[in-house]
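# Observations on the model geometry
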Amino acid sequence: MRRSHASPARVADAPLPTDAEAEWAAGALGRAERALAAVGGEAISRHIFLCGISEKQQCCARAEGEEAWAFLKMRLKQLGLANAGRDGGIVRRTKADCLQICHAGPIALIWPDRVWYHSCTPAVLELIIQQHLIGGVPVAEYRLLPAPQRGAGIDQTGDQSGA
Ligand code: FES
C-alpha cells in the first residue's frame, strides 16, 4: 500500500500535543539525556558496532558471530575501556543487527573514525582493540576500505578537503 504524505494544510490541521503529551515528551528527553550521560556522554571517544549475530545471519556463521561478540565484550571489560574517567576516552560497543555488508564477517564499524573491518574473529578483534581502540591506529590489513590518501585532494568519501 502506498503511503501518502500529509499536505501542508493537513499538517497545520494536526492536533497540537496535549499538555500531558508535551510533559511526557520533555520527561522522555530528559531521561534520554541522563541515560547518555550515564554511559559516558561527551567522554565517549569511540564506539564499535559489530555484526555477527544478526537475524539475517549472512556475514558469518552464528557460532563465529557469538564467539566474536563474547570476546569483544570480555576484552573491553578486562581492559577497562568503558570505565568512566579513562584516559583517551570511553569505548562503547553495540551488537548491530546487520551492517548491510553481509559478506566476510563478522563486520565491525568504528565510530567516529568511519573505519570498517571484515573477518572480525577474536584474533582480529584483539588487533583492532590494541592498535585502533587503544592505540588510535586502524589495522590496515582488515579494513574494508583502504585509508584515505593524504594530499590526494579527494578521499574515498568524496570529501575534497585533502586532509
Ligand atoms: S548479516 Fe552481518 S553485515 Fe549483514
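Residues numbered from 1 in each chain as written. Predicted model: local features only at pLDDT ≥ 70, side-chain atom pairs only at ≥ 80, totals over all residues.

### Some thoughts on the packing of helix H3 (residues 62-78) against helix H4 (residues 122-134)
At their nearest, the axes of H3 and H4 sit 9 Å apart, and the two run at 35 degrees to each other. Handedness of the crossing formed by H3 with H4: right-handed. Mapping the contact onto sequence places Glu67, Ala68, Phe71, Leu72 and Arg75 in H3 and Pro122, Leu125, Glu126 and Ile129 in H4. For the contact of H3 with H4, a count of residues per class yields six nonpolar, no polar and three charged. (Axes fitted to C-alpha atoms, helices over the stretch in contact; angles between N-to-C directions. Helix = DSSP H or I, 4+ residues; strand = E, 2+ residues; numbered from the N terminus. Left-handed = near helix turned anticlockwise from the far one by under 90°. Contact = placed C-beta atoms within 7 Å. Nonpolar A, V, L, I, M, F, W, Y, C, P; charged D, E, K, R; others polar.)

### Regarding the pairing of strand E1 (residues 44-51)
Relative to strand E2 (residues 90-95), E1 is paired through six bridges, and the arrangement is parallel. Paired with Ile44 across the strands is Ile90, a residue of E2. For the crossover that starts at E1, traverses H3 and ends in the parallel E2, the hand is right-handed. In this structure, E1 lies alongside strand E3 (residues 107-111), joined through five bridges in antiparallel fashion. Bridge assignment links His47 to a residue of E3, and that residue is Trp111. (Pairing = 2+ DSSP bridges. Right-handed = clockwise from strand over helix to strand, strands pointing away.)

### Some points on the sheet that holds strand E4 (residues 115-117)
In spatial order, the strands read E2-E1-E3-E4; together these four strands make up an open sheet with mixed pairing. Two strands bound the open sheet, and with one partner strand each, they are E2 and E4. Each strand of the sheet is rotated relative to its neighbour by a mean of 20 degrees, with strand direction disregarded. Each of E1 and E2 touches H3; the most contacted strand, E2, lies at about 160 degrees to it.

### Notes on helix H2 (residues 19-38)
In an α-helix, one full turn covers 3.6 residues, which means residues spaced three or four apart are oriented alike. With 20 residues, H2 should reach 28 Å at 1.5 Å per residue; the first-to-last C-alpha distance of 28 Å fits that figure. Of all 20 residues making up H2, only zero are buried, and the element is barely covered by its neighbours. The first or second residue beyond H2 is Gly40, which carries a positive phi of 130 degrees. (Expected span 1.5 Å × (residues − 1). Buried ≥ 20, exposed ≤ 12 C-beta atoms within 10 Å, placed from the backbone.)

### Some words on H4
Along H4, the helix axis deviates most sharply at Ile128, where the bend reaches about 30 degrees. Leu125, Ile128, Ile129, His132 and Leu133 are the residues of H4 that are buried. Those residues of H4 hidden inside the fold are in contact with E1, H3, E2, E3 and E4. (Bend = angle between axes of the 7 residues up to and from the residue.)

### Describing the environment of Gly85
Of note, Gly85 is situated in the loop between H3 and E2. For the pair formed by Gly85 and Gly40, sequence separation is 45 residues and the distance between their alpha carbons is 8.9 Å.

### Observations regarding the confidence of the model for the protein chain
Summarising the model, the protein chain shows a mean pLDDT of 87, and 85% of its residues fall at 70 or more. This stretch, residues 153-163, has a pLDDT under 50; its non-local contacts, to residues over four places away or in other chains, come to nine contacts. (pLDDT = per-residue confidence, 0-100.)

### What about unusual backbone geometry?
Each neighbour pair has its own omega, and for Gly105 with Pro106 the value is -5 degrees, a cis peptide bond. In this fold, Pro106 is placed in the loop between E2 and E3. With omega at 0 degrees, the peptide bond leading from Trp111 into Pro112 counts as cis. For Pro112, the location among the structural elements is in the loop between E3 and E4. The backbone phi angle of Cys98 is positive, close to 80 degrees, even though this residue is not glycine. Mapped onto the fold, Cys98 is located in the loop between E2 and E3. A positive phi angle, close to 65 degrees, is found at Gln100, a residue other than glycine. Mapped onto the elements, Gln100 comes out in the loop between E2 and E3.

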